[in-house]
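For reference, the chains in residue letters:
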Amino acid sequence: MSTITLRRSEADSAPLPTGRHEAFRTASGGLIDRRRPLEFRFDGTRLSGFEGDTLASALLANGVRLVGRSFKYHRPRGILSAGSEEPNAIVELRSGARREPNTRATVAELYEGLEARSQNRWPSLRYDALAVNALAAPIFAAGFYYKTFMWPAAFWERLYEPLIRRAAGLGRAAEAPDPDTYDRAHAFCDVLVIGGGPAGLSAALAAGRSGARVILVDEDHRLGGRLLAERRAVGSRSGVDWAAATIAELESMPEVRILSRTTLFGVYDHGAYGAVERVSDHLAVPPAHAPRQRLWRITARRAVLAAGAIERPHIFGGNDRPGVMLAGAVRTYLNRYGVLPGRRVAIFTSGDDGWRTLADVAAAGGQVVAVIDSRPSVSPALRREAEAAGARVVSGGYVAGTKGSLALKAIVVVDADGSSETIACDCLAMANGWNPIVHLDSHLSRRPAWDAAIHAFVPGTLPSGMVAAGAAGGRLTLAECLETGAQVGGEAATACGFAAAPRDTLGTDPESIAHTPLWRVAKPKGKAFVDFQNDVAAADVELAHREGFRAVEHLKRYTTLGMATDQGKTSNLAGLSLMAELTGQAIPSVGTTVFRPPFTPVAIGAFAGHHRGKDFRAIRQVPSHAWCEEQGAVFVETGLWLRPAYFPKAGEADWLESVNREVDTVRSRVGICDVTTLGKIDIQGRDALALIERVCANPFGTLPVGKARYAVLLREDGFVLDDGTVARMGERHFVMTASTANAAKVMQHLEFCHQWLWPDLDVQMVSVSEQWAQYAVAGPRARDTLRGVIDPGFDIGNEAFPFLACAEVTVGGGIPARLFRISFSGELAYELAVPAAYGDAAWRAIMQAGSPHGITAYGSEALSVMRIEKGHAAGAEINGQATARDLGLGGMLAKKKDYVGRLMKERPALTDPDRPILVGFRPVDRAQRLRAGAHFLALGAGPSLAADEGFMTSVAHSPSLGHWIGLGLLRRGPERHGERVRAYDPVRDADIEVEICSPVFVDPKEEKLRV
Amino acid sequence: MHYSVFSVLGQALRGQRGWKPQWRDAAPRTEYDVVIVGGGGHGLATAYYLAKEHGLTNIAVLERSHIGSGNVGRNTTIVRSNYGLPGNIPFYEQSMKLWEGLEQDINYNAMVSQRGVLNLYHSDAQRDAYARRGNAMRMAGIDAELLDREGVRAMVPFIDFENARFPVKGGLLQRRGGTVRHDAVAWGYARAADQRGVDIVQNCAVTGIRRENGRVTGVETSRGLIRARKVALSVAGSTSLLAAMVDMRLPIESHVLQAFVSEGVKPLIDCVMTFGAGHFYVSQSDKGGLVFGGDIDGYNSYAQRGNLATIEDVMEGGMALWPGLGRLRLLRHWGGVMDMSMDGSPIIDRTGIDGLYLNAGWCYGGFKATPAAGFCFAHLIARDAPHPDAAAYRLDRFATGHLIDEKGMGAQPNLH
Amino acid sequence: MRIRCPYCGERDNGEFSYLGDAAPRRPDGLEAQASAMHDYVYLRDNPAGEHRELWYHGAGCRSWLVVTRDTRTHTISDVSPARDVARSRRPGEAA
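The shown structure was predicted, so the numbers you read here are calculated from the model rather than taken from an experiment.

1. Quick notes on the UniProt feature "domain: FAD dependent oxidoreductase" (unreviewed entry) in chain B
Phase 1 of the analysis: When the UniProt feature table is mapped to this numbering, "domain: FAD dependent oxidoreductase" (unreviewed entry) covers residues 33-379 of chain B.
Phase 2 of the analysis: Spanning residues 33-379 of chain B, this segment combines 30% helix with 31% strand, and its end C-alpha atoms are found 15 Å apart.

Structure representation (C-alpha cells):
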C-alpha cells in the first residue's frame, strides 16, 4: 500500500479510442436538443451528447456505466439516480484551478468541452489497484480502526494515519486559488416556493395569481420536476406541456421571480432561507463579469415546501453494481434524456409505481426481461401488461444478488418458493417506495413524523410559516401534487393578505402508489450495501447493533452511514429499517438522525462572496491617505484602517532609519501625524458632565470650559476599558476621544450607560469619528507651524492657549476647526481637527506651513516610539487584563463619585500589591535589542511559571537615547527601579539582562510640552 | 475483550460475530456512591478516572440521551495546550500528556494525531502577544515555536501570501497539538469505565436534585429516584439548568458555536491552522473532510443550530486565508451549545452544597480538556480537594478577582 | 435571525450586537455593596426559554433594545427600546 501514489499516471492520460457514438440514445424523444450536439471527455475519452443532457445521461447514452470507485473497497460504481441524491456517480469536473471534486454526474449539465475524470482509483478506473481492499473486506468492518493501529503508539502519526489519509477522501481539490467570482444577493418575498415540480408550480401559480410576491426556486435548470421524467397527462395536455405553459404564465407575472439552477440549501430562523444559484456552472467558464455562483439570502413571510421525494433502493447482494438503478431514474433517462440505461432491463419493485418502468422501457425500444415484485400477489392487469411486453413476472420473490465484473450482466432471483435462478440483464430498475424530502423542514430542529400509509417519514410540525405540498408532504400522486400545491400556495398568499385567485381544475391519468416496502431481502448473495458511497453494508449495521451502537446517532457515527457527500439521501431510512428490525422496534421508534444544512453541498466560495483577497474586509483610509501614498508611505493594517507606518526617504537603509529620522525631527523641529483613526464622540446636554463623570474613573467636575483632560474608563469589572481625552468645548458640550481599536466599543458603552443605566440623564451624543479629520502637530516648532494655518485672530500663544487648552477656531479663511493642546509625544503639541472633507487640504496646508520649520510627516511607528519614550500606556498595556493601578494610573482615580468599575476594582486580586505594574526597561548591554512578549525572571532563577514575574509589553528603539527601551508589567515594579532582571524570550532564542527604570524615558519633568 | 490487531483479524475470520457491546446499556440501580450527570466526554472520563485512580466503582453516569450526544461529538476535534495564563497552562498540559497516552491506557484508538497547531499572526502586536504566550508555555516546559512568514510558508504554502487584506506575518506553532477522533473519545472512555464496573445509564434525564440538611442525597430522574452520596454535574451547555434545580445562579451563559465539514478530498492540509485576522480555523479529518469553525453566534441559545450571518463570516475568513477553498463544498454545518463563562475559563469546584460538584464553563475549549477535566474532577470528587493542576478553576474567583481571562475581554461571555 | 427594531423595522441580526440578560440591575451609588455588584456583573439565570436580553442596533439607529426571545426556539415575542424599559422600572426592581 505504501508504494501507491495517487498522482495521475501516464497510462491514465493516454488517449483512448475515439469515435464512439451514442449507442444507447433513442432515435427520438426526450427533452434534449438534438440540433445541438456537444463533445465532452470522460477520463480522456472523447464522447458526445446533446444540450439538455447531464453528464450522467450523456455517459449512459455512450454506454459508459462504470463511473467511479467506492470509498473503502474501491468497488466499481455506476449511476444510481438521476438527481442530486446520487451517491455513486461522483467525478472530478474541470481541471486545474477549476477542478471540482465529488461532482455528481447526475446534476452536472453537459457543456461543450466538458472534462470529467473518475475518482479514487489508480492506475485507472477499470484496473484499480486498491480494489484489493475488497479482499480485505472481512477485516475492514465498521469501526475496525478503533480497535487496532495502537501499537506502537508512535506509528500512528508516522505510518498508519498517513496511509489512511491517502486512501481516504474521494476527489482531489484544486490546488490553486479559485479563479472565479461569487456573488451574494438578498431577496424578500411573500411566498417562497421550494421546488418546481407539479406541486411547486401549482403553488407558485396560485400564489402568483393572487398578486403575492413569489420566488420559485428549483435546483434543476429546467422546471417541471417529475413531470419531465414521466409520461403523464395534466388536464388535456402532457405534463411537460402543462409545465411549460405554467412557467410561461409565471414568467409573465411581474411579482414572480423564478430562480432555476438554484438549490434552497438551508432554512434559518425567522423566515430566512439560504439558496445557491449556479449562474455559470453549465458553461465551461463564467462569461466576463459574471459570477460562477450566487448565494441568495431570501427572507420570506411564507414558504411552500415542494421539494419532492427520493426513491429508495432495495438492499440485496451486489446492489451497488453499475447497471443497478432506481426505477424512477431509469424512467428519467428514458423519457427526459432519450437514453436507454440498458437494453435488457429487469425491474425489482415493491409497489405499483415501479411497474411504470415497464411501459416506458418498451416505448423507448428496450426489452424488459423480468419484473420481480416482492409482494405476494400482482394484479392481473399488471401481469397482462408484462406478458404483452414479453417480460417474466416473479411475484413474492426478490433479487438476491447480481453478477458482472465492472457492470451488471445478470441478476440472481429468488422466487416465492425460495428457488433461485439467474436472469441475464444489463440494467436493474429498483422501486422500493419514495421518501419525502424532509431535510429542509428539519433544519430548525424539527423531527419528521412517520406516515404508515406511505411507509415513510413526512414533515412533522413544520416551522412557523412553512407548509408542505405534494410529495414533500407525503402526497405522492400527481393529482395530489397538483391539488395540494394549488391549495397551500393560495393559502400562503391569503395569509399574506392577498385575495385568493380562481384555481384550475386539472385531471390526471390514473395512477396507483400501492406499495409494501421490502426493507431488505431475506438471503442476500454478496455484500448488500446500505450506504453506497461510504461502503456501509447491511452487515455493518448488524455489527454496530452487536457492539451496542444502537442509537441512530451511534449507528451513523460508528458505521459512517449517511456521512458521505450525499448525506445518506438514499441510505438513511434503509439503515433505520435494519436497526429497527434488529432491535425489534418500529422504524419511528428508532428515530432519525438530524438533517442539517446544506441540503446538497455548497461551494465555500459562494458563502464568502466577494469577501476574499483585498476585499475580505473594507479598507478605511485616513484623510491624508492620498498624500501619504504620493510620498511613498508604508502602510500598516490597524483594524480596518490602513495607517501610514513610516515615510521612507531616499537613501534610508531600513524602516528603523526612517522612524529614527521622524522621531528626531519631531523632537527637534516639528512633525505631523494623522490621528483621525481615534474615536471621537460629541456629547452635549444638561447632564453631559454627569454622564462623563459616571463613565470615567477620574474626576471631571473641575474641568473648565476650554480645557481638556486625560480620561480613563473602566469596565464594570474594574479593569481598564480604554483611555482618551475629554475636552470641554462649552458648558454643556464635550468631545471625548477613544483609542483607534476601541472607538466603536466606547461609543456602544456610552450609549449603554445612557440608554440603559441612566436613562434620565439629559444628554445626547454622536460619534463624529468620520466627520472630523484630526492631525497631531508636535515638536518645538508646532506653534509656529500652526500659526501659518489657523486664521488670524486666534491666539494660540502659550499664555492664551496653554497645555490642555481646547477651542473652536477657523482655518484656511473660515473653515471651522477644533484645536486641542494635547500631547502624546511629550513635545509641545496640538491636535487640529477639521471637517473630513477638508482633511486632505488641511494636511497639505500644514505641510506647507511647516516647511520652513523643517516639518516631517510621521507615521504610527514614530508615534509609538515617542509614546513609549514617554511611558504612555497603549493597546499592548491596556490589554483587558490590567487595572488602572497596574498602569500607574491608580493615583488619579476619583474617590468621591460612583463610576463604572468602581467597586469591582477593589477585589482582593485586583489590589494585590504583588501584581505586575508598569515600569520601564533598558538593556544592561545597551547594544542589545529588546522584544515585547519576553517574560521577566529574577537573575539566577530558572524558567518556570512560579518564577514568572511579568512580561515586556512594548519596546522601541529610542533615537533620543540611542538604545532600545521597553515598557513592561513587573511584579512590584515601581519598588524595584535600578534592579536587574532577565528578559526571557525563548521563542526567539533571546535571554538578556535588563535594568528596571521609570517608564518615562524622555523629559520626565514634562517641561517640553508646556513651553 | 482486549482490542488489538489479533482480535480484529480473529473476528474477521469469524464474520465479526464474536464482538460484544462496547459498554453495557445499564439500567439504573437505586443507589450509588457517585452519580455523574452527563454522559459526554467529561462525564465518562470522570467516571473512568474515579474508578482507575481512586478505586471508586459504585458509580453511575446518567445521560439523558445517548452517550456522546452533546459537545464531545460536535466539536472540531482540536487538542492543544497553548495557553498563556498560569491558571490554565498546567491543566491543559496535563490534558495533552493524557492524550498522548490515552489509547494505550484505554485500549481504544481515538486517533490522537499530533499534527501541529499553527496560530497565524498578522501584525506586530499579535506577534508579541503570541511571543508572550509561547514564552509562558516554554517556561512551563511545553513546546512552542514562533514562526516567521517563511516558516509558515514552509508549512502551509497554499494560503494567501500575495494578495491578503491582512498579510500573514508568522505564526505560533505547537507541534504536539493536533486532532483526536471525537466520538471515539466518548466511546473509548465509556468502554474503559464500563470494564471497571461503572454503570452507564442512557435515556435517563435528571429532573431534580435531592437535598437533605444542606447535603445532596440523590437525583430524581426520568427513570426514578437514584440516591447518591455525591452528585457531580458535567453537563456543558445545560449547566445553568441543572444548577437552577438547587437555586444556584452561575457566571455562565449558554451560547451556540457552529462547526462545519466539507466534502472529503485527498490530503490538503496536514496541520490545524487558525486565521488571526478573522474567525476561521481548519484541519482535515482522516476521512478527508475539512473540519472548520469560527466564532460563536453570540447570543444565548439552547438551540443546536446557528445563523447564516455567522456561517458567511466563517467562510469569508476561510476564503481570505486560503483562496483555494472556493470550489470545495460545504457538506454540513451544525451547532453545539457551550457553557460560556464570564472570564472564558472553566470551573471545576465544589458548590455551596455538600456533595454537589461542578465541572462547567468550558466555553468552546472543552474537548481538548476532556482527559484532564475527567482526571481533575475525579480527584476533586474522591478527595474533596482540588487537583493542583485545576486549582485555579474556583467558582469564587469572580468574587475574589482571580480571573483567568486569556483574551482580556471581561465579564461578557460572547466575547471570549 | 431577524429582529424588529422599533425605530428601523425588521432587520437581520447581523446589524445588532448582543450584550446579554436584561434582568440584572446595576447597584448604583456610593453606598452600593460589592456583593451586589458581583451578582450584577457575573451571575446569570441563563434560562432555556423566555429571555429578556439587551441588543444594540449598532449598524442602525444605535438604540439599545430589550428583546424578549425564547432561547430554545429563537421566537421573539417583544422588542422594546431599552430606555423605555429602564424608565418604567421602579427603583430596586429588576427589569
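2. Some thoughts on the pairing of strand β12 (residues 252-264) of chain B
Residue and element names in this part refer to chain B.
Phase 1 of the analysis: Across the 13 residues of β12, 13 count as buried, placing the element largely inside the fold.
Phase 2 of the analysis: Sheet topology places β12 next to strand β16 (residues 329-341); 11 bridges connect them, and they run antiparallel. Bridging from a neighbouring strand, Ala259 pairs with Trp334 of β16.
Phase 3 of the analysis: Inspection of the sheet shows β12 paired to strand β15 (residues 289-300) by six bridges, in the antiparallel sense. When the bridges of β15 are listed, His255 appears paired with Asn300.

3. Some points on the nonpolar core
Phase 1 of the analysis: Grouped together as the largest cluster of nonpolar side chains are 465 residues, with contacts concentrated most on Val304, Leu305, Leu428 and Val777 of chain A.
Phase 2 of the analysis: Top contributing element to this core by residue count: helix α9 (residues 366-383) of chain B, with 10 residues.
Phase 3 of the analysis: Apart from the residues lying within four places of it in its own chain, the contact partners of Leu428 of chain A are Gly323, Val324, Met325, Ala346, Phe348, Val399, Leu408 and Ile411 of chain A.
Phase 4 of the analysis: If you look at the next biggest cluster of nonpolar residues, it comprises 18 residues, including Ile3, Phe16, Tyr56 and Trp64 of chain C.

4. Focus on the domain arrangement of chain B
Residues and elements named next belong to chain B.
Phase 1 of the analysis: Taken as a whole, chain B is organised into domain 1 (19-78 + 84-107 + 182-250 + 343-415) and domain 2 (112-177 + 253-340).
Phase 2 of the analysis: Spacing between the C-alpha centres of domain 1 and domain 2 amounts to 27 Å.
Phase 3 of the analysis: Taken residue by residue, the interface counts 26 residues in domain 1 and 29 residues in domain 2.
Phase 4 of the analysis: At the level of elements, α3 (89-106) and α7 (239-244) are the ones that each hand at least two residues to the side of domain 1 that touches domain 2.
Phase 5 of the analysis: The element contributing the most residues to the side of domain 1 that touches domain 2 is α3, with eight residues.
Phase 6 of the analysis: In the side of domain 1 that touches domain 2, the residues fall into 12 nonpolar, 10 polar and four charged.

5. What to know about the interface of chain B and chain A
Phase 1 of the analysis: Listed by partner, the interface residues are 89 residues for chain B and 95 residues for chain A.
Phase 2 of the analysis: Among the secondary structure elements, those contributing two or more residues to the side of chain B that touches chain A are α1 (5-13), α3, α4 (124-139), β5 (145-148), α6 (182-195), β12, α8 (308-321) and β16 of chain B.
Phase 3 of the analysis: By residue number, the principal contributor to the side of chain B that touches chain A is α4 of chain B, which donates 10 residues.
Phase 4 of the analysis: Looking at side-chain class alone, the side of chain B that touches chain A contains 39 nonpolar, 29 polar and 21 charged residues.

6. Some thoughts on the environment of Pro1004 of chain A
Residue and element names in this part refer to chain A.
Phase 1 of the analysis: With respect to the secondary-structure elements, Pro1004 resides in the segment after β51 (990-997).
Phase 2 of the analysis: Assessed through the 12 C-beta atoms surrounding it within 10 Å, Pro1004 is described here as exposed.
Phase 3 of the analysis: Distance in space between the C-alpha atoms of Pro1004 and Ala909 is 31 Å, their sequence separation being 95 residues.

7. Comments concerning the packing of helix α4 (residues 198-209) of chain A against helix α10 (residues 478-495) of chain A
Residues and elements named next belong to chain A.
Phase 1 of the analysis: Direction vectors running N to C along α4 and α10 enclose 30 degrees, while the axes themselves pass 7 Å from each other. Relative to α10, α4 is oriented roughly parallel. The interaxial crossing formed by α4 with α10 has right-handed handedness. Counted together, Pro198, Ala199, Gly200, Leu201, Ser202, Ala203, Ala204, Leu205, Ala206 and Ala207 of α4 and Leu478, Cys481, Leu482, Thr484, Gly485, Ala486, Val488, Gly489, Gly490, Ala492 and Ala493 of α10 form the full contact between these two elements.
Phase 2 of the analysis: Looking at side-chain class alone, the contact of α4 with α10 contains 15 nonpolar, six polar and no charged residues.

Scoring rules and cut-offs
- Residues numbered from 1 in each chain as written.
- Chains lettered and ligands numbered in written order.
- Predicted model: local features only at pLDDT ≥ 70, side-chain atom pairs only at ≥ 80, totals over all residues.
- UniProt positions renumbered as here; feature names shortened; annotations may be inferred.
- Helix = DSSP H or I, 4+ residues; strand = E, 2+ residues; numbered from the N terminus.
- Buried ≥ 20, exposed ≤ 12 C-beta atoms within 10 Å, placed from the backbone.
- Pairing = 2+ DSSP bridges.
- Core = buried A, V, L, I, M, F, W, Y, C linked by C-beta atoms within 7 Å.
- Contact = placed C-beta atoms within 7 Å.
- Domains from an automatic or database assignment.
- Nonpolar A, V, L, I, M, F, W, Y, C, P; charged D, E, K, R; others polar.
- Axes fitted to C-alpha atoms, helices over the stretch in contact; angles between N-to-C directions.
- Parallel < 35°, antiparallel > 145°, perpendicular 65-115°, else oblique.
- Left-handed = near helix turned anticlockwise from the far one by under 90°.

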